[in-house]
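Structure at a glance
This is what each chain is made of:
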Amino acid sequence: GRLTLNLGLRAETTEIFNNQGDSLLKFGFEDQIAPRLGFAYDLNGDSIRGSIGRFYSLASNYIADYFAVSTDHEQQWSWNGTCAVDGRDVWTYGDACWELDYDLPTGAGGHMIDPNLDPVYVDEVTLGYDHLISDQFAGGVTFVWREQDQAIDWYDPEPTGSYYITNVPGAAGHPTPNYNGTFPDVANKKYSEYQALQFNIRKRAGNDNIQFIANYTYVIKSRGWNTNWRNVGAFTFTIPEQMDARWYGETESAHDFKINGSYTMPWRTIFGMTAFWNSGNVYTPYTYEGGWGYVPLDQRGSLKVGNNWEADVYLEQPFKLGPVTAAIYGNVFNVFNNQQPTA
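Residues numbered from 1 in each chain as written. Predicted model: local features only at pLDDT ≥ 70, side-chain atom pairs only at ≥ 80, totals over all residues. Heavy atoms only, no water.

**As for the sheet that holds strand β12 (residues 164-168)**
Stated formally: If DSSP finds at least two bridges between two strands, the strands pair. Each helix is a run of DSSP H or I of at least 4 residues and each strand a run of E of at least 2, with the numbering of both proceeding from the N terminus.
Strands sit in the order β8-β12-β11 across an open sheet of 3 strands; the sheet is mixed. Both edges of this open sheet fall to β8 (112-113) and β11 (151-155), since each of them pairs with a single strand only.

**Topic: the pattern of salt bridges**
Here is the rule we go by: A pair is scored as a salt bridge if a Lys or Arg side-chain nitrogen falls within 4 Å of a carboxyl oxygen belonging to Asp or Glu.
Applying the stated criterion across every chain, the model contains 11 salt bridges. Glu124 is the partner of Arg146 in a salt bridge, and the nearest nitrogen-oxygen pair spans 2.6 Å. Separated by 22 residues along the polypeptide, Arg146 in strand β10 (residues 137-148) and Glu124 in strand β9 (residues 120-132) bring together distant segments of the chain.

**Focus on the state of the cysteines**
Rules: Counting rule for disulfides: a pair of cysteine sulfur atoms within 2.5 Å. Note on classification: 1.4 Å probe, protein chains only; a residue is buried when its accessible area is under 20% of the maximum for its type, exposed when over 50%, partly exposed between these limits.
Under the counting rule described, the total for this entry stands at 1 disulfide. Through a disulfide, Cys83 is tied to Cys97; the S-S separation comes to 1.9 Å. Its torsion about the S-S bond being -95°, the disulfide of Cys83 and Cys97 is classed as left-handed. Of the two residues, Cys83 sits in the loop between β6 (73-79) and β7 (98-105) while Cys97 sits in the loop between β6 and β7, which places them 14 residues apart along the sequence. What makes Cys97 buried here is its relative accessible area of 6%.

**Brief notes about unusual backbone geometry**
The linkage connecting Val168 with the following residue, Pro169, adopts the cis geometry, with an omega of 5°. Mapped onto the elements of the fold, Pro169 is located in the loop between β12 and β13 (192-203). Positive phi is not limited to glycine here, since Asn334 has a value of about 50°. Taking relative accessible area as the criterion, Asn334 reaches 47% and is therefore assigned partly exposed. For Asn337, which is not a glycine, the phi torsion comes out positive at approximately 50°. By secondary structure assignment, the location of Asn337 is in the segment after β23 (324-332).

**Concerning the side chain of Lys221**
Put simply, the rule is: In what follows, residue pairs with any heavy atoms lying within 4.5 Å of each other are defined as contacts.
Inspection of the secondary structure puts Lys221 in strand β14 (residues 210-225). We classify Lys221 as buried; its relative accessible area is 19%. Dropping the residues within four chain positions of it, Lys221 is found in contact with Glu193, Tyr194 and Gln195.

**Examining the side chain of Ser279**
The following threshold applies: Nitrogen and oxygen atoms within 3.5 Å of one another constitute a polar contact, given that in protein one can donate a hydrogen and the other can accept it, and given that sequence-neighbouring residues count only through two side-chain atoms.
When you line up the elements, Ser279 lands in the loop between β17 (270-278) and β18 (282-283). With a relative accessible area of 3%, Ser279 lands in the buried category. Side-chain polar atoms of Ser279 contact the side chain of Ser253, separated by 2.9 Å. Side-chain polar atoms of Ser279 contact the backbone nitrogen of Ala254, separated by 3.5 Å. Not counting the four nearest positions on each side in its chain, Ser279 is found in contact with Ser253, Ala254, His255, Lys304, Gly306 and Asn307.

Following this line, the structure appears as structure tokens:
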């Protein structure tokens, strides 16, 4: 009578093909089994609730791009030193003056897929409490815990210039000295971690004609690697020499507040507003070190751009046209025209 259970099990299958229809990788249903379990318990109008779940992320279709079969070829030629240089345009010298370094079908690239590649998933646990304050007000708090052990990305452990598509950061289990002579400890860190407390208060529209929902999130921990599929940005896991443990750190600031509500005035005119405030995005100072790529100067997320806030407003006037009810409404976005750095 007081307990509600939500018991589920999800299974997914994924297969990626190249442009010739050849299967590049496949995760079967047995590889991606995701339990989803939830409960709620009634405490005379209040409630305790919780959930535990696993959520799989599909492998990126970018993988197919790098294994495409194409009639186009990419070649690299080097000057072999057998021809006299006479000031001509280099493109006019004959083939005998050059040595072919490689000739690869465009898109083939010499990459490999790890035969022991695992699918990627996020585990999540929530626990919450809701309290009925009155017939118009209710509030609650929820604790959220999320963790992702690994991702699918490029990694070249040798390095040879041919990349493994594998699971990181676990693939970097035996680090070698990097560009600054240190041994970065990367393999034992999760790919991403998140913990937060979320508070909310809700009000129904009563005789005062006011209704709103307000939420505040306090981020306890939000950490991860500054990288994603194809390593756009940091190139954290490309080769051991480029890895730097400082690319692991904070991904967002600690405080976030949002409110959305409305007031119904006489003549049924509705005034609404949505507003937010947060303690600002975080960023990482870095520099470019030539062949080493982008090198962090401090821990990821060590700097903030400062608080950010803004609001949107809404006005609606309904009216009746015979049997039809219609409305005229308008929105003003960024009503305060607040301007500050966001990144």
